[in-house]
Amino acid sequence: MATTPEPEPTARQSSAKLLGRGSIYTLATAAPMLAALLITPALTRALRQTEYGYVSLGVTAMQFTINLLAMGLPTAITRHAIVEATGPEGARGIASRGALIALAVSATASLIGLALAVSGFGLPAAVLLAVLAGGAGAGVAMAQALSLAEDKPWRYVALAFGLSLLAPVGGLITVLTLSSTASAYFVALASVYLLVDVFAFAQIARTHVQWDLSDFRAALRIALPMIPHQLAIGTTTAVAVWIATARLGIDAAAETQPSLQLATMPLVVTSALSYAWTPIVLRARREAQGPLLEETASVVCWLASLGGAVVALLAPWVLRFLTPYDLQGMVPLTALTSLTAAIAAAYLAHLQLVFAAGATQPLALLSPLAVVAGGLAAAALVPVLGLPAMGLGYLITYGLLYLGTRSVARRAGAVAWNERALAAPLLVGLGLCAAGAWLGWGSGIEIAARLLLAGLASGIALRKLTSRLRGARARQPQEVDE
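Residues numbered from 1 in each chain as written. Predicted model: local features only at pLDDT ≥ 70, side-chain atom pairs only at ≥ 80, totals over all residues. Heavy atoms only, no water.

Draft legend 1. Looking closely at the overall build of the protein chain. Counting secondary structure elements, the protein chain contains 19 helices and 0 strands. Looking at the protein chain as a whole, 54% of its 482 residues qualify as buried. Considering only residue pairs separated by 6 or more positions, the protein chain has 84% of its internal contacts joining residues 24 or more positions apart. Just so you have it, the protein chain exposes about 20400 Å², and 66% of that area is on carbon and sulfur atoms. (Helix = DSSP H or I, 4+ residues; strand = E, 2+ residues; numbered from the N terminus. Buried < 20%, exposed > 50% of the residue type's maximum accessible area, 1.4 Å probe, protein only. Contact = heavy atoms within 4.5 Å. Areas by Shrake-Rupley, 256 points an atom, 1.4 Å probe, with all protein chains shown as cover.)

See below:
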């Protein structure tokens, strides 16, 4: 217990806390993705390009299923555990019931699809297995929401590693040893997802679970309006892969998916930081929220911008490591999409105020519209730009998300804050990502320019990060145990 009240942290101290507390969720999100990237080179070479195209379609179908069958419940589960009368026990019941529903729906959909496939009208087997995996993944997302509420970060990390690392490893081993097909890959992937789901809820069942239907209904009232928003955000990559397939063929899907997988890594890290960002903003006094956002948003935007720039500049060599495919369209696609992380930092800053005001309902319309607009723009630009059109579609989507959440926050009467602090990182990110898109990589001058700019961006990012973390260590003696 604290013996003296803790002084309210300054905006600069809050940015240090954001980076410190957000680091563990970044580990849970980014580290498995980095490890999975090491699996991609072996997988793209073990499968024919057409088969890997089906893997790409299956991955997007799985992501769509996870976002749909999670039913918006993860956010409601975390909230219920903290603020509702039945607390963690009731939240465990909500999560368990939701996970069972998600698995039942995905299994039923897969069986119906299989029956149609036997009749010659169904989807590819890889996609059907991906839907089954998605149902299990939705259950795991609910278990992770409980981990956040119960302050069990390492359980969160373990579940993330199970889905993002163990499952792809199992799929690769199956492809290498049994059958070089997309279907074989997803048999293994779905099996691991199911095992992780069972493990997660076996751990939950060891504690008291309150199966109260009224709790579940109340959680759904909060969760369901968020489904369109989460579905839209979670399927942006899927939309790009589907458009590439429809406009350029299945081989283009094989090129689009790993390009976006690499390009969105800075975006994933930026999103992971928001797990720590939201409570910091919510706990601040209203008059302190403006300065706090100016400081924290600037830090996050700088790191996102520079991280995206490094990915854009090193894209030719990382993509060549990942795949044996033609890089002419893949490199600019990756570089353009990498700028999304910096735009997302601005979008997430306004999203904190939208959550604080409880004004999430407009997102149910604005977010899907942003994804549709980005997708339509990409489809229209494909004849002119080819594969890089998907990157511009991504940027348009997140630009509209930023404008939409900014408008919602202002209409909800949220505090005003000076966004000019984001101009410099956004402009730097734009310039470096554009260089990554249009610089070649064949001559010595081009290679040297890319490496020099990437080294410069890495150095600046490291300096900004370490300066804030030193601030966190300097503050640590003043903190009290709760």
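Draft legend 2. Seen up close, a nonpolar patch on the surface. There is a patch of nonpolar side chains on the surface, built from Phe64, Leu68 and Trp242 and spanning about 250 Å² of accessible area. Mapped onto the elements of the fold, Trp242 is located in helix 10 (residues 236-248). Judged by its relative accessible area of 36%, Trp242 falls in the partly exposed class. (Patch = residues over 30% accessible without salt bridge, like charges linked within 9 Å, V, L, I, M, F, W, Y side chains within 5 Å. Salt bridge = Lys/Arg side-chain N within 4 Å of Asp/Glu carboxyl O.)

Draft legend 3. Region of interest: the side chain of Thr65. Mapped onto the elements of the fold, Thr65 is located in helix 2 (residues 49-69). Those residues in contact with Thr65, other than ones at most four positions away along the chain, are Ala70, Val131, Gly134 and Gly135.

Draft legend 4. Here's a closer look at the environment of Val157. With respect to the helices and strands, the residue Val157 is situated in helix 6 (residues 153-177). Residues Val157 and Gln144, 13 residues apart in the sequence, show an inter-C-alpha distance of 8.7 Å.

Draft legend 5. How the structure looks around the packing of aromatic side chains. Applying the stated criterion to the full structure yields 5 aromatic pairs. Between the aromatic rings of Tyr347 and Tyr398, the centroid separation amounts to 6.1 Å while the plane-to-plane angle is 85 degrees, which identifies the pairing as edge-to-face. With Tyr347 in helix 15 (residues 340-357) and Tyr398 in helix 17 (residues 389-411), this residue pair connects regions lying 51 residues apart in the sequence. Each member of the pair, Tyr347 as well as Tyr398, carries the same accessibility label: buried. Chaining the aromatic ring pairs together yields one cluster made of Tyr347, Tyr394 and Tyr398. Geometry around Phe216 places Arg97 over its ring, the cationic atom sitting 5.8 Å from the centre. (Phe/Tyr/Trp six-rings, centres within 6.5 Å; stacked < 30°, edge-to-face > 60°. Lys NZ or Arg CZ within 6 Å of the ring centre and 35° of its normal.)

Draft legend 6. Just the nonpolar core, in detail. Formed by 118 residues in total, the largest nonpolar core has its most connected members in Val55, Leu73, Ile77 and Tyr193. Here the element with the most residues in this core is helix 15; it accounts for 12 residues. Excluding its chain neighbours within four sequence positions, the residues that come into contact with Ile77 are Ala91, Ile94, Ala95, Met142, Ala145 and Leu146. Counting residues in each nonpolar core, the second largest holds 7 residues, with Trp302, Leu306, Leu432 and Ala457 among its members. (Core = buried A, V, L, I, M, F, W, Y, C linked by side-chain atoms within 4.5 Å.)

Draft legend 7. Representation of empty space enclosed by the protein in the model. One pass over the full model with this rule turns up 2 cavities of 30 Å³ or more. In this structure, the largest cavity spans a volume of roughly 60 Å³. Around the largest cavity, the lining residues are Thr236, Val239, Ala240, Ile243, Val371, Gly374, Gly375, Ala378, Met390, Gly393, Tyr394 and Thr397. Counting only elements with at least two residues in the lining of the largest cavity, the list comes to helix 10, helix 16 (363-385) and helix 17. When grouped by side-chain class, the residues that make up the lining of the largest cavity number 7 nonpolar, 5 polar and no charged. Here the second largest cavity defines a volume of roughly 30 Å³. Every residue lining the second largest cavity is listed: Leu363, Leu366, Ser367, Leu400, Leu401, Gly404 and Thr405. Looking at the lining of the second largest cavity, the elements with two or more residues in it are helix 16 and helix 17. Counted by class, the lining of the second largest cavity contains 4 nonpolar, 3 polar and no charged residues. (1 Å grid on protein atoms, 1.4 Å probe; cavity = no way out; pocket = protein on both sides within 12 Å on 5 of 7 lines; lining within 4 Å. Points joined across faces, edges and corners; volume = space filled by probe spheres on them. Nonpolar A, V, L, I, M, F, W, Y, C, P; charged D, E, K, R; others polar.)

Draft legend 8. Examining helix 14 (residues 327-338) more closely. Compared with the 16 Å implied by 1.5 Å per residue over 12 residues, the 16 Å span of helix 14 between its first and last C-alpha is a close match. The element helix 14 is extensively covered by neighbouring structure, given that 11 of its 12 residues are classed as buried. Among all positions in helix 14, only Leu327, Gly329, Met330, Val331, Pro332, Leu333, Thr334, Ala335, Leu336, Thr337 and Ser338 are buried. The opening residue of helix 14, the one whose side-chain oxygen lies 3.2 Å from the backbone nitrogen of Gln328, is Asp326. (Expected span 1.5 Å × (residues − 1). Polar contact = N/O pair within 3.5 Å; in protein donor to acceptor, adjacent residues only side chain to side chain.)

Draft legend 9. Seen up close, unusual backbone geometry. If you check the backbone angles, Met71 has positive phi at about 60 degrees while not being a glycine. Here Met71 falls in the buried class, since its relative accessible area comes to 14%.

Draft legend 10. Here's a closer look at helix 8 (residues 213-223). Regarding helix 8, the residues found buried are Asp215, Phe216, Ala219, Leu220 and Ala223. Buried positions in helix 8, seen along its axis, are confined to an arc of 135 degrees and lie on one side of it. Within helix 8, the exposed residues directed more than 90 degrees away from the buried face are Arg217 and Arg221. (Arc of directions from axis to C-beta.)

Draft legend 11. Geometry of the pattern of salt bridges. The full count for this structure, using the stated rule, is 3 salt bridges. The residue Arg410 makes a salt bridge to Glu419 at a minimum N-O spacing of 3.9 Å. Taking relative accessible area as the criterion, Arg410 reaches 55% and is therefore assigned exposed. Because the salt bridges share partners, they merge into one network encompassing Arg406, Arg410 and Glu419.

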